[in-house]
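Residues per chain, in single letters:
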Amino acid sequence: MVGFFTMRRPSENFDELRFGFVVVDPSRRGKGYGKRMLQLGLKFAFEIYGAKKVSLSVFENNESAYFCYKSVGFDDVIIDKTEIYYVLGEEWKCKELMIETQ
């Protein structure tokens, strides 16, 4: 297995899917697998499921994931309140991203 991610509906509305827990085998990172995995997920979301947008969030300190999401077309979303998690005694902030059908 190369990677894994989830897709869920964040509300009762069928217009949006949300990707989560995007993970690529550490020994296979940097080879385009994550990008291809996301491209196939977006194809499913838009062409098969019929979603109008797909969203996800990423920790600010995970630059490689952030740039992977940007490379497949996700855009930053300005939100009123940044989600913050406390991990191993550190404060980790999330960035929100979204991609919409054209």
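Residues numbered from 1 in each chain as written. Predicted model: local features only at pLDDT ≥ 70, side-chain atom pairs only at ≥ 80, totals over all residues. Heavy atoms only, no water.

Caption draft 1: Quick peek at the overall build of the protein. Helix and strand content of the protein: two helices and six strands. When its helices and strands are written in sequence order, the protein yields β-β-α-β-α-β-β-β. Here the C-alpha radius of gyration of the protein, 14 Å, is about what a compact globule of 102 residues would show, namely 13 Å. The principal-axis extent of the C-alpha atoms belonging to the protein is close to 40 × 35 × 20 Å. Here the protein holds 102 residues, and 28% of them are scored as buried. Accessible surface, the protein: about 7,100 Å² in total, of which carbon and sulfur atoms supply 53%. The distance from the centre of the 15 positive side-chain charges to the centre of the 15 negative ones in the protein is 7 Å. (Helix = DSSP H or I, 4+ residues; strand = E, 2+ residues; numbered from the N terminus. Rg over C-alpha atoms; globule rule 2.2 N^0.38 Å. Buried < 20%, exposed > 50% of the residue type's maximum accessible area, 1.4 Å probe, protein only. Areas by Shrake-Rupley, 256 points an atom, 1.4 Å probe, with all protein chains shown as cover. Lys, Arg positive; Asp, Glu negative; His and termini not counted. Charge placed at Lys NZ, Arg CZ, Asp CG, Glu CD.)

Caption draft 2: Local environment of the environment of Leu 88. Positionally, Leu 88 belongs in the loop between strand E5 (84-87) and strand E6 (90-100). Separated by 35 residues in the primary sequence, Leu 88 and Lys 53 have C-alpha atoms spaced 33 Å apart.

Caption draft 3: The arrangement of the pairing of E5 in detail. Two elements, E5 and E6, share four bridges in a ladder whose sense is antiparallel. Paired with Ile 84 across the two strands is Lys 93, which belongs to E6. Here E5 hands over to E6 after two residues, with Leu 88 in that stretch at a positive phi of 50°. (Pairing = 2+ DSSP bridges.)

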